[in-house]
Amino acid sequence: MRPSPTTLHDAVARAQAVAVEVAAPLAAKIDEGRWPEEAIRALQAEGMGGLTAPATSGGSGLGLRALVEVCEVLGRACASTAITYGMHAVGTAVIAAKATPTQSVSLLEPISAGRHLTTLALSEPGTGSQFWLPQTRLRREDATYVLDGTKSFVTNGSRADSYVMSTVAAEPDAPAGQFSCVVVPDPSDGLVWADQWHGLGMRGNSSRGARLEGVRVPVANLLGAEGDQIWYVFEVVAPYFLMAMSGTYLGIAHASLLEARDHLLRRQHTHTGRSLAGEPVVQHRLGELWARVERTRRLAFWAAEEAETGGPDALPGLASAKAEVADCAVGVANEVMTLMGGIAYRDRAPVERHLRDARAAHVMSPTTDTLRTWTGRALLGMPLLGS
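Note that this is a predicted model, so its numbers are computed, not measured.

A. Broad picture of unusual backbone geometry. Cis geometry is adopted by the peptide bond preceding Pro 187, which originates at Asp 186 and carries an omega value of 10°. Secondary-structure assignment places Pro 187 in the loop between β5 (179-185) and β6 (191-196). For the bond running from Ser 365 to Pro 366, omega is -10°, close enough to zero to count as cis. As for its position among the elements, Pro 366 is in the loop between α9 (350-359) and α10 (368-379). The phi dihedral of Asn 156 falls on the positive side, at around 70°, and the residue is not glycine.

Right under this line is the structure:
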């Protein structure tokens with residue numbers, strides 16, 4: 001087990017090695033519905049488990065820029081691997097934001113040592129993409145919290161060692177937007193997993209629903225204070241989640257672009273012997289696609305840096321980054337399929353997988369429509385969750 005990387009360059013290099021050597025060769029198998037265990041364990045062995053954990057707990061202490069770049073590198077090889085790892089990194093960041101000494105020892109240290117995988121469990125079937133309005137109930141009994149409710153679309157569902165779960169604040173009349181997060185270990189009595197959800201794309205991320213039937217966790221598993229999770233939503237959950245998603249889908253867009261370039265260089269017309277790469281029209285279209293990917297990448301990287309430095313445009317930057325990346329990934333994958341013609345339309349061809357994986361970008365919360373609205377409200381000085 002290698003120690004955690006301490007620089008952005010080292011973290012990206014380690015992720016790149018795992019992407020090329022482990023994730024890419026298994027991408028087709030993962031697309032059949034296999035959770036990418038080999039790549040996740042390889043990342044942990046490379047010291048990447050604690051990317052967003054503080055150095056005091058053995059982690060890298062790296063932030064949003066590292067996360068978006070690492071997820072992009074992984075996303076080029078296998079989108080399911082990227083999102084699986086990304087959700088672990090987001091969960092780690094949420095735990096680390098206000099970690100108690102006990103949580104640092106019991107959670108962050110084993111995460112950094114590659115012995116513990118975590119993830120988020122915020123979405124619920126009743127509230128859809130409005131993950132900041134949980135209905136899962138939380139009540140206190142002496143030194144224990146008891147949870148009852150249902151979660152949906154939990155990435156790494158039944159595969160992680162712990163789940164950062166959102167609940168209604170313990171006070172029954174808490175206003176909308178005030179919710180609490182607790183860390184639920186797996187296994188836990190009363191934590192029941194539903195069958196794996198089979199999606200159009202992102203088939204390897206083990207997205208599952210869960211029922212919480214009187215699940216008991218120690219009060220020490222509360223993150224922050226009861227009801228203060230609205231702070232977590234905009235200071236931790238949203239920035240890290242949006243950058244993990246942006247990186248993942250940037251990787252898909254870049255991988256699609258590379259597929260097109262390689263195809264054009266290989267392909268020749270048999271009746272003329274002329275390379276397809278010599279056709280001005282395809283040169284023009286490939287150039288447009290490259291520019292689209294690159295300008296979107298620069299927006300995502302800038303947004304990460306703006307948020308890390310507390311810049312004035314952090315909020316619209318983060319929201320716009322994921323929305324623009326979603327448009328870019330779907331658009332580029334679709335155009336590449338057209339550019340490559342029938343060969344790309346084969347069942348389970350790489351570009352076909354990229355297009356299916358990319359399509360999830362618009363529907364993964366916060367949805368593109370929500371992010372566009374948030375951007376506008378931020379620019380107008382209006383509260384994001386107000387009416």
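Text resumes after the structure shown.
B. Spotlight on the packing of aromatic side chains. Following the criterion strictly, the structure yields three aromatic pairs and no others. Here the aromatic rings of Phe 153 and Trp 197 are separated by 5.1 Å at their centres, their planes lie at 85°, and the arrangement is edge-to-face. Here Phe 153, found in strand β3 (residues 144-154), pairs with Trp 197, found in the loop between β6 and β7 (208-218); they are 44 residues apart in sequence, far enough to count as distant. You can call Phe 153 partly exposed: its relative accessible area is 48%. Assessed through its relative accessible area of 48%, Trp 197 is described here as partly exposed. Aromatic side chains Tyr 163 and Trp 193 sit 5.0 Å apart centroid to centroid with 55° between the ring planes, which places their arrangement in the tilted category. Remark: Trp 193 occurs in strand β6 and Tyr 163 occurs in strand β4 (residues 162-168); sequence separation between them is 30 residues.

C. Broad picture of the layout of surface pockets. Of the voids in this model, the largest pocket is the one considered here, and its volume is about 650 Å³. Along the wall of the largest pocket there are 32 residues; nearest its centre are Ser 123, Phe 153, Val 363, Met 364 and Ser 365. Among the elements of the structure, α4 (79-97), β1 (120-121), β3, α6 (229-266) and α9 are those that each provide at least two residues to the lining of the largest pocket.

D. Region of interest: the sheet that holds strand β8 (residues 222-223). Taken in spatial order, the four strands of this open sheet run β1-β4-β5-β8, and their pairing is mixed. At either margin of the open sheet sits one strand with a lone partner, and together these are β1 and β8. With seven bridges connecting them, β4 and β5 associate as antiparallel partners. Bridged to Ser 162 within β5 is Pro 185.

Rules behind the numbers
Residues numbered from 1 in each chain as written. Predicted model: local features only at pLDDT ≥ 70, side-chain atom pairs only at ≥ 80, totals over all residues. Heavy atoms only, no water. Helix = DSSP H or I, 4+ residues; strand = E, 2+ residues; numbered from the N terminus. Phe/Tyr/Trp six-rings, centres within 6.5 Å; stacked < 30°, edge-to-face > 60°. Buried < 20%, exposed > 50% of the residue type's maximum accessible area, 1.4 Å probe, protein only. 1 Å grid on protein atoms, 1.4 Å probe; cavity = no way out; pocket = protein on both sides within 12 Å on 5 of 7 lines; lining within 4 Å. Points joined across faces, edges and corners; volume = space filled by probe spheres on them. Pairing = 2+ DSSP bridges.

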